[in-house]
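# Examining the three-dimensional arrangement
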Amino acid sequence: MRGLLISAFAQLLILRCVLSNENDVTSVKIRLMPLGDGLTAGNKDAPGAYRRKLYKRLTNIGYDLDMVGSEISGDFEDVDHEGHKAFDIATMTEHVNEFLDSYEPDIIVLLIGSRDISNNFELEDMMDRWERLVEKISSIQPYSHIFAANLPLRKNEEQNQLIEKYFNSKVENSISNMVDKGKLISFVDMGLVIDPSSMLDTNVQPNADGYLRMGFEFADSIAADIDPRMSQLERGIIRVESTPDQSHVILVFSKPIPEKKVAISNFRIDGLNILEITLDTERRVVTLSTSIQQAATSYAVEVLSGVSGQSIKTFTTGWRFLALADWHLGEKYIFRRNEDLIQNDEKILEHLKETYGGELILIPGDTNAGFWDKESFVDKLSEYLDRDLSPADAVLEAGNLCYSGLLSTFRSAGYSKVLVAIGDHELGDNSWEKDSNKSTLQPQFREAFTSNFNFDYDGNPKYTESIGSVSSRPIGTVYENSSYAYIHLNTLIVTVDVLFQESPSVEIGAYGTVTGQVNSEHLTWFKSVLEEGNGLSAVKHIVVQGHLPVLYPVRKTSSSGMYMDNHEKSGFWQAMRDNGVDIYFCGETHLVSVLKDTESDLIQIVGRGNFFSNFLTVDITDNSIDVTCYDEAGAEKNMFNYSYQTSGHLQLSKSGGVKTLESSGDLEILDQEGPAMYFTFEEVVSLQERPVLGLGELPGVGRYPVVEEVTVDGIVCHDSLINMGAFGQDYDAQTANVDLVEGVYGFGGRFAESSRAAVFSMGPHSRGNPISYTLWFKTLSFGARSLLAYEGFWNQDNVMNLRVRNGLPELVFSSSQKLKSSESFNDGHWHHIAVTMPSPGCLLSTVKVWVDGEELETVLIGSDTNVELPNGGMVSLGGFGYGNVGKESAIERTGFRDGLPFEGNLDEVLIWSRSLSAEEIRKLAIVPTSFALRTKLSYEWQEASCLGFGMFLENVVLRSCNDEIGQQWITDGLGYIHNKERYDLCLIPELGELKVRNCVKKLSKSFIWEVQPNGLIRNQETNLNIAVDTIEANAIKMLASGVETDKLWDVVYEGDFAPSYLTGEPTAAPTAIPSSSPSSSPSSLPTSRPSMSPSMSPSSSPSSLPSRSPSAIPSMSPSALPSSVPTRSPSAIPTATPTEMPTSTPSSEPSTTAPTGKPTISVEPSSHSCEDNDGKFTLPNGLQKSCKQVQNNPSVCRFSILQQNCRKACNLCRTSKPSTGPTPSPSSPPTPLPSSSPIQLPSSMPSISEIPTAKIPACENKRGKFTLPNGASKSCYQASKDGGRLCQFSVIETNCRKACGICSELTLAPTQKASLAPSMPESVPGTQAPFPAPSIPQTEPPTLAPFLCLDRPGKIEMDGGKLKSCSNVENNLKLCMKKRLRDHCPVLCGLCEKTEPVECKDKSGKTEMPGGAKKSCDNVKNNGGLCARKNIREHCPDACGLCEVGEQGASPGASTATSDATSIQFSLTAISTIAIAIVWMEM
């Protein structure tokens, strides 16, 4: 009754809103955030929890809801929420600000505290924690209305007493006090609708009926207080901020604004003119265009009454500068022979100023190409100026022309302040030979630079204002005019000349007479400036710019890769570390890199500005520094697109006196410990899909932001092999003719003579810094075969090439120096090889080479020397790459490229910029073995429970252990735990829960785990352990260290999937890390690293366990024992030709019927054009969807109205005509694990002679991924690992013939078809006569047995102990999501063909549903979900999508020529449509 009264009241509120003319907001999108713990997230019985009914009820009475949150789960239209099963009140308080800031909800439904009660966690303070949470929510979102509930009572009386004592008895009074203080909060009493009988036996969550009641209560409470236009809520200003261009102000309001109120007259800002006003589409964001704002200045925005209840809000402007390292475009200003290019510079700079603003520009060196000392340049400039010039005069004249012209262009675009650091190009470009013109002319190079950039028109230094008591310049040093300090607003900017020369006649480093150092008086001045700046209250930040990077490694392209001497141990870096410098900006390497100091908060940012292809914006306020990276985008050549896209972001915050750092994209902090380059061979993409910066600089390519092809050592490449390592996308390998085949982990790469895989970007090799290689290889080839090559692009003469010569590993350092071994590995088996430098600058003889986890003995050929590698070199896999593109004739390079391309397979290629330990190498060399993770709680429960996929692929839950590969995992050498079924998904902790995420695109420490000998599984980044949630027995959470049983796991390897695995009997948990010493007693468990090579001698005793991995080749001789398990798993793929059901007696005559053509399984009849219709289409729930929306949410394609109008968006079209030629029956891969139940065989079998001869098409898998109707992308590798389920989709079946088992390389004669028969026992239960196994000649080629497609009698046990039979499946096809039901009921689950003709026509009238409701076929057309019921499918086959166009209403036998094909086509289409609909509904 109460609910009816509230509902009636809600209707009156809505009517009042409709009649009111208070404002012109006729429709309001309300953001509603369900916030809480597991009671908000839901469970497998009610995945939408109370949210489903809350949403349905409010939308039905006129509310336009947008459910918001970062979590997704449920079975209704809008399933976003912030329900976190692992959260208690304190954890929610810690994270709630990020949830609220991200979504800014209008209404918050708060239900939390259940976990505090269950864990008995400091209950005396529970109410205080809850009130602090509510206070925090109110302070962050002061205009949001909170609907907070008490906790539902449970079936456990003891816990109910705790709930009442510590929470429920206090919460209503607490909310009442908050309301008295003006808080927007309402109390929702769950005690009115929930009692212990509404709870599940798990004692924590309500059952479906309980959640239904809770949803009603929340909805009615909201409707009673808030109408659909939120008239009761005050409109307030959530935030005000100034834009970096200092000409706009953005105001964000808490609810929509009437358009008539958005007028300039309703807003005022003292000191600024408002020029224009705009309102966003949701009518919540107002943008004011203003006159130019002063940087670092506070302004007050006044909003007049009627727009907002809050009249005045203040904001403080920040300021911005741009960083443009290594511009390299200055020479055009010397000779000025192409004014068009100069005008284009102005055009680009004007675009930057107009679009990105900035008060000044930082250029950390290299504004030009250099080489002004060369005789050819001096002659050219003398001719241009029509007077003889000495080399010194030429340098000065070139500098004046170049730098003055450059500054003029920048000034004309609005950048009057340009701060430039000296780079090696301003000093002639490295290197500097002793006593050369370039070395001798260093003073002139420096003078030409400083006189233009650092002096004004009157010849006076520009930056003379002291920093406190310290001079702004190092007076009395060589650097007094090239290094300087300058305070701009709230930031101290120090520009440092970091290039040092002792004498033109003394070589002091790898680059001759000049090196990277800041020392003596120069360093003393630098330290003093930083110390003084730290003491100035006006200085909020300190940034330094110099040309050379300090920290190693950094990304490089087309660069000599010069660094500061001594790296982080230099006095220069130590001074910045000790004095709180925030960011060091540098250049030189032409690619963006960000590294963080290991001992402080100091950050190094290497920028790129080459030809305006990239730049950084730096936004500064008193409390933050925000850096954004932009790359040029467009189809035109570089510098002619005038368009940029964001490629990275870094935010340094100092709020509250605490530094925090967030970074992403190109500005993400590089992991210095992980591999810089990592090629997994899981995916090959086009060059256009993952552009590589600078690739267009190759000869003959053209400087375009995105290129379509490049030539690598004579072979044209269109694709890239993804680099997962820290150096990222710019280190993808450009590849051609590398086939993806089965590897050690997932896919590997097959290389031949024409294969190429080369990296254009340089490094990570850098002089004497350590480098390490690790990779897997397999080959039978002879000759000198290159596994991995590193060659200098410029004129350095050392390399580091790893190859095998006649199977013998060797490491080549130069044409006369190498390490070689005497052990051969060209045996056709996988081997792991590793090379590591043990220390910086080590001797070549000390470099270690390992194979299969064991160190090899090597012999040094040639003289021993310290390993110094060129900075500017390039990596290639399986051969040679770009290394000879930049060769110079002065260097003899012949011996480096001796040898042949690799012929064989490679996998898991990693390059590290550090030494590797023996333990790390042994771990990387472990052969992968799949395993299950079984909780040790299984022993207490007397039921084995294992970690596996949940209802949604991103979730991980605890389920009864079985042989499904969704419960099998593989650990790689880095510590990632991959799912065997979905190798691209790995375990990762998120917000206290365990998830699976894609892990084959990019490395992250979050994916790294350590499986400890005591059974703990610890995450390396969070230091948390995987634990069972004992409150919700099927849930998994992350907990801190400890050895409680809920955190302990058995690691059960694939070969140990024996009865003890399924029953929960204890087994030892082998460590994932091999022991360094042998055991004194034999182990009963398999080793963690089985050999990849087969044993040459037979075992002395038979094994009682199945092998770890099933053989892909069946036995050549029949089994002598009857089999109790099926020879293969049921196929999830419909066969391509009709399957004859067994007859009562075997046929005695051979079949003379030719094979029929493969029936069409197309969901797009050729008579239909594949186009999407315009407009929106109304769904059964009243929502309207357009085809454009469908593209982003394919799950709505389960509605037939969208299937009819959005055929292209729903992926219901074929792009080419289906084949009509004969094809063989598909087969599935062998089952990887024993079946849990024996197969029931028929009493008779068809004659072998009935199997016709067939010419089988070529057997191959296509590369890449293919899009399924639900929007997911799948590869052939994934299809090969899922037991054939993906092969039900035609796009997979077409492109993955080998993975789907529908092809062979053989043409089989009828007599050879005996090998296709299954292995049979001598007699079959339930038959009268013996059934002998067929004789299979030893010489016949082995093939797989066909699956007998029969539904089994009886019931089988499901998770939770429920028994299900095939009659249950008939009325609930969702059960077929379970593998054991598909095995038991293959016919009803759609895994078999049907041969009986079917009349495909909807019946008139209505058919009765469970519960008494009646539905007609018209109802079905708008609700495809009804087709999960058998009586609906029989009543409305056409409406359920079970008929092909052209056969509706056709009578059986109407066309004898096509009846068989039609019946098969009907069966396939019907089953596929329903199965796909079920998958969509589940997703």
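Keep in mind that this is a model prediction, so the values were computed, not measured.

Right, let's talk about the overall build of the protein chain for a bit. When helices and strands are tallied, the protein chain shows 28 helices and 71 strands. Buried positions account for 54% of the 1483 residues belonging to the protein chain.

Of the positions making up helix α16 (residues 571-578), those classed as buried are F572, W573, A575, M576 and R577. Summarising the contacts, the buried residues of α16 are in contact with α15 (520-534), β22 (541-545), β23 (583-586) and β25 (603-606). Just downstream of α16 lies G580, where phi reads positive at about 70°.

On the surface, a cluster of negative charge is made up of E94, E98, D101 and E662. Broken down by element, the residue count for the negative patch peaks at three residues, all from helix α4 (residues 89-103).

Another point: the sheet that holds β25. Overall, mixed pairing links the six strands, which are arranged β18-β19-β22-β23-β25-β24 in an open sheet. Looking at strand neighbours, the two that pair on one side only are β18 (484-488) and β24 (593-596), the edges of this open sheet. Neighbour-to-neighbour, the strand axes of the sheet open up by a mean angle of 20°, direction not taken into account. In this sheet, β23 lies alongside β22 in parallel orientation, the contact comprising three bridges. Looking across to β23, one finds that Q545 is bridged to F585.

This brings us to the side chain of S1416. For S1416, the location among the structural elements is in strand β71 (residues 1414-1416). Take S1416: its relative accessible area is 15%, and that puts it in the buried class.

Two modes of strand pairing occur in sheets, parallel and antiparallel, and in both the strands are linked by backbone hydrogen bonds. Sheet architecture is open: seven strands sit in the order β17-β16-β15-β26-β27-β28-β29, paired in mixed fashion. At either margin of the open sheet sits one strand with a lone partner, and together these are β17 (418-420) and β29 (660-665). Each adjacent strand pair in this sheet contributes to an overall mean axis angle of 20°, direction not counted. Taken together, the three bridges between strand β15 (residues 319-323) and strand β16 (residues 360-363) define a ladder with parallel strand orientation. Each bridged residue has a counterpart across the sheet, and for A323 the counterpart in β16 is L362.

Applying the stated criterion across every chain, the model contains 43 salt bridges. In this structure, D597 and R577 form a salt bridge, with 2.8 Å as the shortest nitrogen-oxygen distance. Here the residue D597 occupies a position in the loop between β24 and β25, and R577 occupies one in helix α16, the gap between them amounting to 20 residues. Residue classification places D597 among the buried positions, given a relative accessible area of 2%. The network of salt bridges with shared partners includes R803, R805, E810 and K818.

For the rest of this paragraph, the subject is the pairing of strand β9 (residues 248-253). Judged by how many residues are buried, β9 sits mostly within the fold: five of six residues are covered. Here strand β8 (residues 237-242) pairs with β9 via five bridges, running antiparallel. Bridging from a neighbouring strand, E241 pairs with I250 of β9. Taking the residues between adjacent antiparallel strands as the criterion, β8 and β9 are bridged by five residues, where Q246 takes a positive phi near 60°. Here five bridges tie β9 to strand β12 (residues 285-290), and the two strands are oriented antiparallel to one another.

You can see R337 is positioned in the loop between α9 (332-335) and α10 (339-356). Excluding its chain neighbours within four sequence positions, the residues that come into contact with R337 are K380 and Y384.

Counted by the stated rule, this structure contains 34 aromatic pairs. A centroid spacing of 5.6 Å and a plane angle of 75° characterise the contact between W327 and F410, whose relative ring orientation is edge-to-face. Remark: F410 occurs in helix α12 (residues 391-412) and W327 occurs in the loop between β15 and α9; sequence separation between them is 83 residues. Both residues of the pair, W327 and F410, count as buried. Above the face of the F611 ring, R703 is positioned so that its terminal group lies 4.1 Å from the ring centre.

One finds F526, F572 and L877 to be the most contacted residues of the largest nonpolar core, which totals 131 residues. Residue contacts for F526: discarding those within four places in its chain leaves V494, V496, V544, F572, A575 and M576. Listed in part, the 65 residues of the second largest apolar core include L65, I117, M127 and W130.

If you check α4, its first and last C-alpha atoms are 20 Å apart, about what 15 residues at 1.5 Å a residue would give, namely 21 Å. Taking the largest bend as the criterion, α4 deviates by roughly 50°, centred on H95. When α4 is considered as a whole, its buried residues turn out to be I89, M92, T93, H95, V96, F99 and L100. Against the buried residues of α4 lie β1 (29-36), β4 (80-83), β5 (107-111), α5 (114-118) and α6 (126-140). Capping the start of α4 is the job of one residue whose side-chain oxygen sits 3.4 Å from the backbone nitrogen of A90: D88.

On to the environment of E954. Position of E954 among the secondary structure elements: in the loop between β51 (945-949) and β52 (956-960). E954 sits in the partly exposed class, given a relative accessible area of 25%. Residues E954 and L985, 31 residues apart in the sequence, show an inter-C-alpha distance of 8.6 Å. Apart from residues no more than four positions distant in its own chain, E954 is found in contact with I72, K995, V996 and R997.

All right, on to the pairing of β22 then. Most of β22 is tucked away: five of the five residues are buried. Bridge count for strand β19 (residues 491-495) against β22 is five bridges, and the pairing is parallel. When the bridges of β22 are listed, L492 appears paired with I542. Tracing the backbone out of β22, into α16 and back to the parallel element β23 gives a crossover that is right-handed.

By the secondary structure assignment, S930 is in the loop between α17 (918-924) and β50 (931-935). A distance of 3.4 Å separates a polar atom in the side chain of S930 from a polar atom in the side chain of Q968.

Scanning the model with the defined rule gives four disulfides in all. The side chain of C986 participates in a disulfide bridge whose partner is C999; the two sulfur atoms lie 2.0 Å from each other. In this structure the cystine formed by C986 and C999 twists about its S-S bond by roughly 55°; its chirality is therefore right-handed. Pair noted here: C986 is in strand β55 (residues 985-990) and C999 is in the loop between β56 (993-998) and β57 (1009-1011), with a separation of 13 residues, a long-range link. Across the pair, exposure class does not vary: C986 and C999 are buried alike. With its sulfur 2.1 Å from that of its partner, C1187 forms a disulfide with C1206. Of note, the bridge from C1187 to C1206 carries an S-S torsion of about -80° and is left-handed in sense. With C1187 in helix α20 (residues 1187-1192) and C1206 in the loop between α21 (1200-1205) and β64 (1254-1255), this residue pair connects regions lying 19 residues apart in the sequence.

This part covers the confidence of the model for the protein chain. Mean pLDDT over the protein chain works out to 78, with 73% of the residues at or above the 70 mark. Note on residues 12-25: pLDDT under 50 across the span, and 24 contacts to partners over four residues away in sequence or across chains. Below a pLDDT of 50 lies the segment residues 886-895, which in the model reaches 15 contacts outside its immediate sequence neighbourhood of four places, other chains included.

Close contact between helix α3 (residues 51-60) and helix α8 (residues 208-225) brings their axes to 7 Å; oriented N to C, the two are set at 40°. Considering their axes alone, α3 and α8 lie oblique with respect to each other. Classified by chirality, the crossing of α8 by α3 is right-handed. Of the residues in α8, those in contact with K53, L54, R57 and L58 of α3 are L212, G215, F216, F218, A219, D220, I222 and A223. Grouping the amino acids of the contact of α3 with α8 by side-chain chemistry returns eight nonpolar, one polar and three charged.

About the criteria used
All residue numbers refer to position in the chain's written sequence, counted from 1. Predicted model: local features are reported for residues with pLDDT of at least 70 only, side-chain atom pairs are reported and counted for 80 or more only, and whole-chain, interface and lining totals are derived from all residues. In computing side-chain properties, one takes all heavy atoms of the structure into account and sets aside hydrogens as well as water. Counting from the N terminus, the helices are the DSSP runs of H or I reaching at least four residues and the strands are the DSSP runs of E reaching at least two. Residue burial is assigned from relative accessible area. The probe radius is 1.4 Å, only protein chains are included, and a residue is buried under 20% of its type maximum, exposed over 50%, and partly exposed in between. The criterion used for residue contact is that any of the two residues' heavy atoms lie within 4.5 Å. Patch definition: residues above 30% relative accessible area lacking any salt bridge, with like charges linked at up to 9 Å and the nonpolar side chains Val, Leu, Ile, Met, Phe, Trp and Tyr linked at up to 5 Å. Here, Shrake-Rupley sampling with a 1.4 Å probe gives the accessible areas, and only protein chains in the shown set may cover a residue. Within this document, salt bridges are pairs made up of a side-chain nitrogen of Lys or Arg and a carboxyl oxygen of Asp or Glu, the two lying within 4 Å of each other. Charge counting follows a simple rule: Lys and Arg are positive, Asp and Glu are negative, and His as well as the terminal groups are ignored. Here the site of a charge means NZ on Lys, CZ on Arg, CG on Asp, or CD on Glu. Paired strands, as defined in this entry, are two strands with at least two bridges between them according to DSSP. Interaxial angles span 0 to 180 degrees and are taken between N-to-C directions of axes, which are lines fitted to C-alpha atoms, for helices over the stretch in contact. Each Phe, Tyr or Trp ring, with Trp reduced to its six-membered ring, pairs with another whose centre is within 6.5 Å; inter-plane angles below 30 degrees give stacked pairs, above 60 give edge-to-face pairs, and intermediate values give tilted ones. Our definition puts a charge over a ring when NZ of Lys or CZ of Arg is within 6 Å of the ring centre and also within 35 degrees of the ring normal. In plain words, nonpolar cores are sets of buried Ala, Val, Leu, Ile, Met, Phe, Trp, Tyr and Cys residues tied together by side-chain atoms within 4.5 Å. Every helix has an expected span of 1.5 Å times one less than the residues it contains. Fitting one axis to the seven residues ending at a residue and another to the seven starting there, the bend at that residue is the angle between the two axes. Polar contacts, as used here, are pairs of N or O atoms within 3.5 Å; protein pairs need one atom able to donate a hydrogen and one able to accept it. Residues neighboring in sequence count only if both atoms are side-chain atoms. Handedness is read with the strands pointing away from the viewer; a crossover is right-handed when the path from the first strand over the helix to the second is clockwise. Defined by distance alone, a disulfide is two cysteine sulfur atoms within 2.5 Å. One number per residue, pLDDT, summarises how confident the predictor is, and it ranges from 0 to 100. Our angle categories are set so that under 35 degrees counts as roughly parallel, over 145 as roughly antiparallel, 65 to 115 as roughly perpendicular, and the remainder as oblique. Throughout, a crossing is termed right-handed when the near helix is turned clockwise from the far one, and left-handed when it is turned anticlockwise from it by less than a right angle. Put simply, Ala, Val, Leu, Ile, Met, Phe, Trp, Tyr, Cys and Pro go in the nonpolar bin, Asp, Glu, Lys and Arg in the charged bin, and everything else, Gly too, in the polar bin.

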